[in-house]
Amino acid sequence: MFKGSMPALVTPFKDGAVDFDTLKQLVDWHVDQGSHGLVPVGTTGESPTLTHDEHEEVILCVVEAAAGRIPVIAGAGSNNTDEAVRFMVYAQTVGADGALVVTPYYNKPTQAGMIAHFKAVHDAADLPIIIYNIPGRSAVDMSPETMGELAKLPRIVGVKDATGDLARVCKQRITCGKDFIQLSGEDGTAHGFNAQGGVGMISVTANVAPALCAQMQEARLAGDYAAALDLQDRLMPLHQAIFLEPGLCGAKYAMSRVGLCAEDMRLPLLPVTEPVRERIDAGLRHAGLLN
């Protein structure tokens, strides 16, 4: 259903407002570059600083621009269950193909609380759901056992795993089943993640290097781990550099360097510092994306 390289799409801004013209151009570019799907209004899409109306407008824009050419998995997460339900219903109404729902951040629910949250979101709409497990941001970690319970629900179909624990993939194969879709949420370990049983990644680096990220995933899915590793070697310095400071800031700087969008972002985030700019430039050159 969902596999390969799917950019965690940035939200471009101009004069403080969402730049929908550039957003549409980015969608077309990703289709041309071979991305296998798009994931708007996640953390990399600056969902924490978008209004609810902007959040929904971005989903609509991306769905309409993609026009069925590649799947759109809409960010629909919140630490407020009612808000997550609102985003889920909206994403279904406008024709998204799935939803990415993060574990409730800041509240620090129990495992039982997470089950109740995801069940409520699941029951509100008919979209397939990808769980987003990112303990470093949300301050809670969904256990493989809890995920296994949720995987019994018909529309909870997979996970974006940003734990960085490659053994977690194997554990989740046991609790969730071999057909449960496991997508890496960490660019630097995506190759190893796939070797453990993953089928793709929701990627920050793919915002600026979509063709290379897609080729790496395609090689891995074809069983050519050597070719996939060569591509990961080309990408690794860029992966590292983009995440020296918040990843979306690094991604937007990299995108600005190759003429894709402005570097603008909303506070409290700031543009990356000069030493990080130099590292990102070096990563872009290493990947063959900048002269």
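Structure first, text after, so check above.
Residues numbered from 1 in each chain as written. Predicted model: local features only at pLDDT ≥ 70, side-chain atom pairs only at ≥ 80, totals over all residues. Heavy atoms only, no water.

**Regarding the side chain of S184**
- Counting through the fold element by element, S184 comes out in strand β8 (residues 181-184).
- Separated by 3.0 Å, the side chain of S184 and the backbone oxygen of E186 make a polar contact.
- Beyond its immediate chain neighbours, meaning those up to four positions away, S184 contacts K160, D161, T189, A190, F193, G200, M201 and I202. (Helix = DSSP H or I, 4+ residues; strand = E, 2+ residues; numbered from the N terminus. Polar contact = N/O pair within 3.5 Å; in protein donor to acceptor, adjacent residues only side chain to side chain. Contact = heavy atoms within 4.5 Å.)

**Focus: the layout of surface pockets**
- Its boundaries defined by the atoms lining it, the largest pocket holds a volume of some 990 Å³.
- Considering the residues around the largest pocket, the lining is formed by 46 residues, among which G42, T43, T44, P48 and R137 are closest to the centre.
- For the lining of the largest pocket, the elements supplying multiple residues, two or more each, are α2 (52-66), α3 (81-94), β5 (98-102), α5 (135-138), α10 (225-242) and α11 (247-257).
- Tallied by class, residues from the lining of the largest pocket come to 23 nonpolar, 16 polar and 7 charged. (1 Å grid on protein atoms, 1.4 Å probe; cavity = no way out; pocket = protein on both sides within 12 Å on 5 of 7 lines; lining within 4 Å. Points joined across faces, edges and corners; volume = space filled by probe spheres on them. Nonpolar A, V, L, I, M, F, W, Y, C, P; charged D, E, K, R; others polar.)

**Things to note about the packing of α3 against helix α4 (residues 111-124)**
- Across the interface, α3 lies against α4 with an axial gap of 9 Å and an inter-helix angle of 30°. On the basis of the axis angle, α3 is roughly parallel to α4. For the pair α3 and α4, the sense of crossing is right-handed. Taking contact as the criterion, the partners of T81, A84, V85, M88 and V89 in α3 are, on α4, H117, A120, V121 and A124. (Axes fitted to C-alpha atoms, helices over the stretch in contact; angles between N-to-C directions. Parallel < 35°, antiparallel > 145°, perpendicular 65-115°, else oblique. Left-handed = near helix turned anticlockwise from the far one by under 90°.)

**Concerning the sheet that holds strand β7 (residues 156-161)**
- With respect to topology, 7 strands assemble into an open sheet ordered β1-β9-β8-β7-β6-β5-β4, the strand pairing being parallel. One side of each edge strand has no neighbouring strand; the edge strands of this open sheet are β1 (4-7) and β4 (73-75). Neighbouring strand axes in the sheet, compared pairwise and without regard to direction, differ in orientation by 30° on average.
- Alignment of β4 against β5, held across 3 bridges, turns out to be parallel. In the strand pairing of β5, I73 is matched with G98.
- Packed onto the sheet, α4 meets β5, β6 (129-133) and β7 and runs at close to 160° relative to β5.
- In this fold helix α7 (residues 167-176) packs onto β6, β7 and β8, with an angle of close to 165° to the strand it touches most, β8. (Pairing = 2+ DSSP bridges.)

**Looking at the packing of helix α1 (residues 20-33) against α2**
- Packing of α1 against α2 leaves a shortest axis separation of 9 Å and a crossing angle of 40°. Here α1 is positioned oblique relative to α2, judged by the angle of their axes. Every pair of crossing elements has a handedness; the one defined by α1 and α2 is right-handed. For the pair α1 and α2, the contacting residues are F20, L23, K24, V27 and D28 in the first and E57, V58, C61, V62, A65 and A66 in the second.
- A per-class count over the contact of α1 with α2 returns 8 nonpolar, no polar and 3 charged.

Geometry only, nothing functional implied.
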